[in-house]
Amino acid sequence: MASSRKITLRSSDGESFEVEEAVAVESQTIKHMIEDDCADNAIPLPNVTSKILAKVIEYCKKHVDASKAEDRVNDEDLKAWDAAFIKVDQVDQATLFDLILAANYLNIKSLLDLTCQTVADMIKGNLFPVRNEWLNFTFSIANRELVLVCLTEWVAHRRLFCS
Amino acid sequence: MSKLSFDVDHASPKDENIGEPTEPGRPHEALFLVLPYLTLSGLIAVGKACTSLRDAVRDDVLPWLELAVDDPLSRRMRDEILIEITSKANGKLRTLGLSNCTKITDGGLQRVIEKNPLINKLYLPGCTGLTPDGVINAVKTLSANGNILQSIKINGIYNLQQQHLKVLRSFIQVNPETLDHKCSIKFGREGDCNVCPVDVGICPKCNEVRKVISCPIEMCAGKRDWRLSECRGCGSCIPRCIQCGVCVALEDLEEAEAICADILCMSCWLQLRKCDFCNKPYCKRHAEGRLNPSGPRGFVCELCTVHEEDDIDV
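Residues numbered from 1 in each chain as written. Chains lettered and ligands numbered in written order. Predicted model: local features only at pLDDT ≥ 70, side-chain atom pairs only at ≥ 80, totals over all residues. Heavy atoms only, no water.

1. Describing the sheet that holds strand S1 (residues 6–10) of chain A
All names here are of chain A. Operational definition: If DSSP finds at least two bridges between two strands, the strands pair. Each helix is a run of DSSP H or I of at least 4 residues and each strand a run of E of at least 2, with the numbering of both proceeding from the N terminus. Note on contacts: a residue pair qualifies if any of its non-hydrogen atoms lie within 4.5 Å across the two residues. Working convention: axes come from line fits to C-alpha atoms, limited for helices to the stretch in contact. Angles between N-to-C directions cover 0 to 180 degrees.
Ordered by their spatial adjacency, three strands build an open sheet running S2-S1-S3, and the pairing between neighbours is mixed. Pairing within the sheet leaves two strands with one partner each, and these edge strands are strand S2 (16–20) and strand S3 (43–44). Note that S1 and S3 share two bridges and pair parallel. Considered in S3, the bridge of Arg10 is made with Pro44. The sheet strands contacting helix H3 (residues 50–67) are S1 and S2, and the helix crosses S2 at an angle near 10 degrees.

2. Considerations on the pattern of salt bridges
Let me state the cut-off plainly: Within this document, salt bridges are pairs made up of a side-chain nitrogen of Lys or Arg and a carboxyl oxygen of Asp or Glu, the two lying within 4 Å of each other. Accessibility here uses a 1.4 Å probe with only protein chains present; expressed as a share of the type maximum, an area under 20% marks a residue as buried, one over 50% as exposed, and anything in between as partly exposed.
If you walk through the whole model with that rule in mind, you get ten salt bridges over all chains. Among the salt bridges present, the one from Lys61 of chain A reaches Asp65 of chain A, with a minimum N-O distance of 3.6 Å. Residue Lys61 of chain A and its partner Asp65 of chain A are located together in helix H3, separated by four residues, close to a single helical turn. Overall, the relative accessible area of 21% leaves Asp65 of chain A in the partly exposed class. Here Asp55 of chain B makes a salt bridge to Arg54 of chain B, at a shortest N to O gap of 3.1 Å. According to the relative accessible area criterion, Asp55 of chain B is partly exposed, its value standing at 27%. Three or more residues are tied together by salt bridges with common partners; here these are Arg54, Asp55, Arg58 and Asp59 of chain B.

3. Considering empty space enclosed by the protein
Residues and elements named next belong to chain A. Formally: Points on a 1 Å grid, built from protein atoms alone, make a cavity when a 1.4 Å probe fits but cannot get out and make a pocket when they are open with protein on both sides within 12 Å along at least 5 of 7 lines; residues with an atom within 4 Å of a point are the lining residues. Grid points are joined across faces, edges and corners, and a volume is the space filled by probe spheres set on the points. Lys, Arg, Asp and Glu make up the charged group, whereas Ala, Val, Leu, Ile, Met, Phe, Trp, Tyr, Cys and Pro make up the nonpolar group; the residues left over, Gly among them, are polar.
Under the criterion given, the structure shown has two cavities of 30 Å³ or more. Size it by volume and the largest cavity reaches roughly 70 Å³. Of all the secondary structure elements, the ones that give two or more residues to the lining of the largest cavity are helix H1 (21–24) and H3. Looking at the lining of the largest cavity residue by residue, the classes come out as eleven nonpolar, one polar and no charged.

Laid out in structure tokens, this is it:
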């Protein structure tokens, strides 16, 4: 049933993207919509802007191509592509967070794993930027002493962590 | 974008990262999705940031299903604390990751396992408070009710013998794809192979139970006299470059020295910045935080800095 049928996706700001069905169904959400026959016309994605949708499509396309027999890419090269795709100076933090929300909404597990793990690693490495141009949230990363204190507090103030 | 109301009841007052006054607000939704990917120290840090994150960390079960205890908490983790923390998974813990948790005992591990029978990934590298028999008991308990372990890491536990490895392997899920996997250093994050079900094997050269690593194929061919298939052994038998994983010849060992005493191959050594005094580099991992990336030309390593102060009057 592998067809080269094209699916049209429409972003929240009205832009249309035409993609192959194999690429579109990397998203479980879209896959279910197609199976439920809701995909005759364009599939509206009200939670995803065109900027983010373009990046998501780029990711899905690469991963679909990578698993095709002719263009078979080995795991390490694909991982290197993923790392470059998500690299922090290529993708600013707002985009990274929007990608997380889009991967969650569209139910693309590998993209969700990639983006969330990137942010988790930044938090772990204390690289998370704390600036007021961060639009709607700032938080400070606990330095080493604070984290150590937290564990002592865990023991002393269990109610903080156990409901 | 409209600003939401101030929602934090105890924002951290001292933050060296904030240069200008910051605008507080609710955390971005995406942060809640990141919670399950955080290690324990990340979870605790994030839980201190504001009330909504604190509530999410405290009350949700999802962030606690794959526990990863890391520095700086590893050496302070004790049995009682571990039992409390794992209880937040409500018995559904899937991954137990204790990295270098030297104070955890066999008894503590057993209690955690008994309360969480669904664990399928057991990571205990460097947990020197455990014994091989304790680990085997834990694995037996886990496998008792039809649960099959997918992956286990035990490198660093003392007194591991071949028979222990044999018993452990019998409990691990057999997956034909990963059976003959030849690990090289590039796999996984921080040198951990996430494909092999067991992280240690029997070194073909010394027959001890160690982490066994193969040469990355594209680099080793022709470097040594023996054939490629034999360039496989533990770290003590075959010295390897810490960055690219290729085997390092004895002559290169003396010339391509690093300040941090890690082993580097000549090609990796040539690419790194060297200390102005001793002409040795840090390896990439130890260079983070020690080198100023936008510094003018060179740097002086910490060992040479001490000596430099002594020579001021020369």
